[in-house]
Amino acid sequence: MAEVLSLVEARLRTALGEPDARAAMTFVGTDRVEVLRFLDAGDRDESGESPGSGGAVVRYATLGMSARPMADPTVVVADPERGPRAELVLSVRAGLADTDQVLRPLAVLAASPQVEGLVVAPGAALEVGEPLWPGAPFSSVLVAESGGLVADLELDAPLDPVRFLPLLPMTPNEAAWKRVKGAQALQERWLAHGTDLRDPLRGSVALD
């Protein structure tokens, strides 16, 4: 477990630079989860490209979720080695809101596979149950595809690779629309309207 997390942290540092802060949390019956904070003045998007809109971006990445594989809750005995592994990455524009308060919600989401038996995968919606940070118009996130900002980390067989899954904050209206139309339709709507998904104060995209 420790070796996997060392490799995960090294991959995060290679992709995002040195963290300028980190916090650790432990929940009953779970392993410790850390959240690392990275400040990126280059303003890359989740695909790793620069959109050219300027402004610093702060990125929060979990460390600890990938220590154990996620298991299908219907399986009686979980495989201790095989199964999907992931960490979560959230990117928001710096200085517009008190987004550092997202550390605990992120740790809760990262612990959910152990606590609730969830398998977190692209296209899933994760509900926090409260604003992601004080005054945030979001209480849930959409899990996006990995492989852009932070490349997947291959591990020695039989271990599955660690995937670094971007989280895209959703307003309540967007979350409700996603439940009906699906994740791809919501992402297409964001793209069509040029939605800045890293704006911590943005309103809901126009929905049918």
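The structure we're discussing is the one just above.
These figures come from a predicted structure and were not determined experimentally.

Participant: What's the story with helix H1 (residues 2-16) in this structure? I'm lost.
Facilitator: Because each turn of an α-helix spans 3.6 residues, side chains separated by three or four positions end up pointing in the same direction. The end-to-end C-alpha distance of H1 is 21 Å, a good match for the 21 Å that 15 residues give at a rise of 1.5 Å each. Buried within H1 we find Val4, Leu5, Val8, Glu9, Leu12, Ala15 and Leu16. For H1, the angular spread of the buried residues around the axis is 130 degrees, confining them to a single face. Facing away from the buried side of H1, by more than 90 degrees, are the exposed residues Ala2, Glu3 and Thr14.

Participant: I would appreciate a short explanation of the environment of Pro166 in the present structure.
Facilitator: Tracing the backbone shows Pro166 in strand E7 (residues 162-170). In this structure Pro166 comes out as buried when scored by relative accessible area, which is 6%.

Participant: Where do I start with the side chain of Ser91 in this structure?
Facilitator: Relative to the elements of secondary structure, Ser91 occurs in strand E4 (residues 85-93). At 2.6 Å, the side chain of Ser91 and the side chain of Arg59 are in polar contact.

Participant: Sorry, what's going on with the sheet that holds E4 here?
Facilitator: Whenever strands of a sheet pair, they do so through backbone hydrogen bonds, lying parallel or antiparallel. Strand order in this open sheet of seven strands is E1-E2-E3-E4-E7-E6-E5, and the pairing throughout is mixed. Looking at the sheet topology across the chains shown, the edges are occupied by strand E1 (21-25) and strand E5 (125-127). When strand polarity is set aside, the average angle formed by the axes of neighbouring strands in this sheet is 25 degrees. Sheet topology places strand E6 (residues 140-143) next to E7; four bridges connect them, and they run antiparallel. Counted as the bridge partner of Ser140 is Met170 from E7. Sheet strands in contact with H1 are E1, strand E2 (33-40), strand E3 (57-63), E4 and E7, and its direction is about 170 degrees off that of E3. On top of the sheet, helix H3 (residues 172-181) reaches E5, E6 and E7; it is set at about 115 degrees to E7, its chief contact.

Participant: Teacher, can you tell me more about the nonpolar core here?
Facilitator: For soluble globular proteins, nonpolar side chains are generally found buried alongside one another. Tyr60, Leu88, Leu90, Val120, Trp133 and Leu167 are the most contacted members of the largest nonpolar core, which has 29 residues in total. Where this core is concerned, the elements lending two or more residues are E2, E3, E4, helix H2 (103-116), E6 and E7. Here this core gets six residues from one element, more than from any other, and that element is H2. Apart from the residues within four sequence positions on either side, Leu167 is in contact with Leu88, Val89, Leu90, Leu106, Leu109, Val141, Leu142 and Val143.

Participant: Sorry, what's going on with the packing of H3 against helix H4 (residues 183-192) here?
Facilitator: Each packed pair of helices is defined by two parameters, the angle between the axes and the distance between the axes. Put simply, H3 and H4 touch, their axes get as near as 7 Å, and they point 130 degrees apart. If you check the angle between H3 and H4, you find them oblique. Residue-level contacts link Glu174, Trp177, Lys178 and Lys181 of H3 to Ala183, Ala185, Leu186, Arg189 and Trp190 of H4. Among the residues making up the contact of H3 with H4, the classes are represented as five nonpolar, no polar and four charged.

Participant: Would you explain unusual backbone geometry in this entry?
Facilitator: Glycine aside, negative phi is the norm for most residues, and most peptide bonds take the trans geometry. Here the bond from Ala157 into Pro158 is cis, since omega is 10 degrees, no more than 30 degrees from zero. Within the secondary structure layout, Pro158 lies in the loop between E6 and E7.

Participant: Can you walk me through the pattern of salt bridges in this structure?
Facilitator: Pairs can form between side chains of opposite charge whenever their charged atoms are close. By the definition in use, this model includes 12 salt bridges. The partner of Glu9 in a salt bridge is Arg13, and the shortest N-O contact between them spans 2.9 Å. On the criterion of helical spacing, the pair formed by Glu9 and Arg13 is a turn pair, its members being four residues apart in helix H1. The class for Glu9 is buried, based on a relative accessible area of 16%. With relative accessibility at 27%, the residue Arg13 sits in the partly exposed group.

Rules behind the numbers
Residues numbered from 1 in each chain as written. Predicted model: local features only at pLDDT ≥ 70, side-chain atom pairs only at ≥ 80, totals over all residues. Heavy atoms only, no water. Helix = DSSP H or I, 4+ residues; strand = E, 2+ residues; numbered from the N terminus. Expected span 1.5 Å × (residues − 1). Buried < 20%, exposed > 50% of the residue type's maximum accessible area, 1.4 Å probe, protein only. Arc of directions from axis to C-beta. Polar contact = N/O pair within 3.5 Å; in protein donor to acceptor, adjacent residues only side chain to side chain. Pairing = 2+ DSSP bridges. Axes fitted to C-alpha atoms, helices over the stretch in contact; angles between N-to-C directions. Contact = heavy atoms within 4.5 Å. Core = buried A, V, L, I, M, F, W, Y, C linked by side-chain atoms within 4.5 Å. Parallel < 35°, antiparallel > 145°, perpendicular 65-115°, else oblique. Nonpolar A, V, L, I, M, F, W, Y, C, P; charged D, E, K, R; others polar. Salt bridge = Lys/Arg side-chain N within 4 Å of Asp/Glu carboxyl O.

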